[in-house]
Amino acid sequence: MLKNHLDQSVKSDLSLVSESRFSVGIDVGGTKIAGLLLDGNNQIVTRATLPVPKSSTESLLDGLARVALELIDAAPSEHRERCSVGFAIAGWLNATSDFVRFSPHLPLTGVFVKHELEYRVGRPVVIANDADAAGWAEFRLGAALDYDDAVCLTLGTGLGSAVIANGTLIRGAIGMAGELGHVCIDPTGPECACGGIGCLEIFASGTGAERAAWKAGLMMTGRELVAAAELGDRDACAVLDDVARPLAQALTMVVGTLDPGVVVIGGGFGTASPYFLDSLRRQYAALASRPESRPLVPVEVATWGPEAGAVGAALLAAHHKS
Ligand SMILES: [Zn+2]
């Protein structure tokens, strides 16, 4: 459904809050903490980064708090007290988004991260899965802006996803709704970092593309593979077709289940190759129902680049009613 159909009170409520608050958003990736400060008009005022301290949970939490406090201090003095703070974390959260169930690349598994960060930052904070935050940035200010229902996929080294239905980010019963990257698409496939077998992200991700290239005898990095495909290298194109195929199959399931108005593809790998996106659209269209029975859902490229997670975290925090 187009967002024009949103209830007017919801839209006015969102704009009212966004115009009155500065907000900090911090994305915690595998190697870098990247933070930014948004003003009340959702413009990026300044940024701050820090290498991820991985020596201990304490040092990582301290580093996150340090970046947050630095960015709060960058806000005009009259806005600092009400400045909201959101963190986008590469990991699975619980339903109330205060506890990290599992984070394969950060020492945060089993940590009540919301409590720990609120203690250090001295104010309420909002915690979100990084792909959820990136999807929210696309929904509020990006490629899904005109829609009320959207699925946003982030294809980097892995595959994250966000589901937005009727203007709400869907978290699910235990906080793990929309984890499309970890549904089994090949019961005979390799084991995934999550413990599952044949998960979609093993095949449809930057890492999956490199694996597929090597399997095809192309000793290339993901970046080299994408570059070769853009130059028309047939073998490279065939590999990207193979990577897009399971994702296209998954899209038919997502569209059939959730009926989104748009599917947004983001992430470093997802946005790097026009050939890959065309292949995905082509294969999805070939597998989908006939247009006369069910119109094809547009597959759009994400507007936000690597800052999507931080922007989304800031927006989620700004609109959070605490
Ligand atoms: Zn998995």
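Residues numbered from 1 in each chain as written. Predicted model: local features only at pLDDT ≥ 70, side-chain atom pairs only at ≥ 80, totals over all residues. Heavy atoms only, no water.

Peer 1: Please give an account of the overall build of the protein chain that cites residues and values.
Peer 2: Of the regular secondary structure elements, the protein chain holds eleven helices and twelve strands. In terms of C-alpha radius of gyration, the protein chain reaches 20 Å, essentially the compact-globule figure of 20 Å for 322 residues. A principal-axis box enclosing the C-alpha atoms of the protein chain has dimensions of 60 × 50 × 40 Å. Per-residue burial over the protein chain gives 50% buried out of 322 residues. Residue pairs in contact within the protein chain that sit at least 24 positions apart in sequence constitute 62% of those at least 6 positions apart. Within the structure as shown, the protein chain displays about 14,600 Å² of accessible surface, and the carbon and sulfur contribution to it stands at 55%. In the protein chain, the 25 positive side-chain charges and the 36 negative ones have mean positions that sit 1 Å from each other. (Helix = DSSP H or I, 4+ residues; strand = E, 2+ residues; numbered from the N terminus. Rg over C-alpha atoms; globule rule 2.2 N^0.38 Å. Buried < 20%, exposed > 50% of the residue type's maximum accessible area, 1.4 Å probe, protein only. Contact = heavy atoms within 4.5 Å. Areas by Shrake-Rupley, 256 points an atom, 1.4 Å probe, with all protein chains shown as cover. Lys, Arg positive; Asp, Glu negative; His and termini not counted. Charge placed at Lys NZ, Arg CZ, Asp CG, Glu CD.)

Peer 1: Could you give an account of the domain arrangement of the protein chain, naming the residues involved and the relevant values?
Peer 2: According to the domain assignment, the protein chain consists of domain 1 (3–134 + 308–318) and domain 2 (147–301). Averaged C-alpha coordinates put domain 1 and domain 2 at centres separated by 26 Å. With 14 residues of domain 1 at the contact, the number on the domain 2 side is 17 residues. Summed over both partners, the interface of domain 1 with domain 2 buries about 1,400 Å², with 58% contributed by carbon and sulfur atoms. Put simply, domain 1 and domain 2 have zero salt bridges between them. (Domains from an automatic or database assignment. Buried area = accessible area lost by both parts, 1.4 Å probe. Salt bridge = Lys/Arg side-chain N within 4 Å of Asp/Glu carboxyl O.)

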